[in-house]
Amino acid sequence: MTWLLLVLFAYLLGSIPTGVVVARILGGVDPRGAGSGNIGATNVGRTLGHAAGAVTLAGDALKGFIPAAWAVAIFPDAPWAVATVAFAAFAGHVFPLYLGFRGGKGVATGLGVFLAVAPGSALVAAGVFAAVAWKVRIVSLASLGSAAALPLLLAFFDHPGAIVTLGLAVAGLVGWKHEDNFQRLLVGTEARMGRR
């Protein structure tokens, strides 16, 4: 029963659209109707400014971290329980109840989840993101690179199969949500950092 309640809590918390909430608090444009139309930190930052983007990033990461960390504390010897709670938080962001199941791409929420579940792997994956972003200045490519690296890192650091499977599921959904970005990358029209 505790596990089921935590899964539900994780999904509902993950469903909170941080970017939309930040936009409403600031009285700015709804990110769903501006820029790329995405509710994540990158689009919020481009449409409402860097501070709003940073708050959105932190909020999206926290809503993944909080339930995942709680699950780690409650179920320290049950990796499948931890993985399902963590995935529920991530799925809440990607398929939010409050926005008709049309959510963000999950990168920040995925980071928050893995900072709680597998912090070493999460930090290395964040390093991959930073290195790619610094080199090519394309956020979507950095996101795809770090997502692809994550399951490999989890396996390399010998995490339980449930956690590696979680990494594969998160990476797969991040990749799927970046389908449009991938097409623009192929034709060389994807936006670079510092450009609107």
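Okay, so let's go over this structure. (Residues numbered from 1 in each chain as written. Predicted model: local features only at pLDDT ≥ 70, side-chain atom pairs only at ≥ 80, totals over all residues. Heavy atoms only, no water.)

Take the packing of helix H5 (residues 79-94) against helix H6 (residues 107-117) next. Two measures define how a pair of helices packs: the angle their axes make with one another and the distance between the axes. Running from amino to carboxyl end, H5 crosses H6 at an angle of 165°, the nearest separation of the two axes being 9 Å. In terms of orientation, H5 and H6 fall into the roughly antiparallel class. Crossing angle aside, the handedness with which H5 passes H6 is right-handed. Residues Val 82, Ala 86, Ala 89, Phe 90 and His 93 of H5 touch H6, and the partners they reach there are Thr 109, Gly 110, Val 113 and Val 117. Tallied by class, residues from the contact of H5 with H6 come to six nonpolar, three polar and no charged. (Axes fitted to C-alpha atoms, helices over the stretch in contact; angles between N-to-C directions. Helix = DSSP H or I, 4+ residues; strand = E, 2+ residues; numbered from the N terminus. Parallel < 35°, antiparallel > 145°, perpendicular 65-115°, else oblique. Left-handed = near helix turned anticlockwise from the far one by under 90°. Contact = heavy atoms within 4.5 Å. Nonpolar A, V, L, I, M, F, W, Y, C, P; charged D, E, K, R; others polar.)

Think of it this way: side chains of opposite charge can pair up when their charged atoms draw near. For the coordinates displayed, the defined rule picks out three salt bridges. In this structure, Asp 30 engages Arg 32 in a salt bridge whose closest nitrogen and oxygen atoms are separated by 2.6 Å. Taking the relative accessible area as the measure of exposure, Asp 30 reaches 26% and is therefore partly exposed. Of the residues examined, Arg 32 reaches a relative accessible area of 38% and is grouped as partly exposed. A salt bridge links Glu 190 to Arg 184; its shortest N-O distance comes to 2.7 Å. (Salt bridge = Lys/Arg side-chain N within 4 Å of Asp/Glu carboxyl O. Buried < 20%, exposed > 50% of the residue type's maximum accessible area, 1.4 Å probe, protein only.)

Turning our eyes to something else, we now look at helix H2 (residues 18-26). Residues Thr 18, Gly 19, Val 20, Val 22 and Ala 23 constitute the buried set of H2. Where H2 is buried, its residues touch helix H3 (41-48) and helix H4 (50-74). Backbone geometry just downstream of H2 places Gly 27 in the positive-phi region, at approximately 75°.

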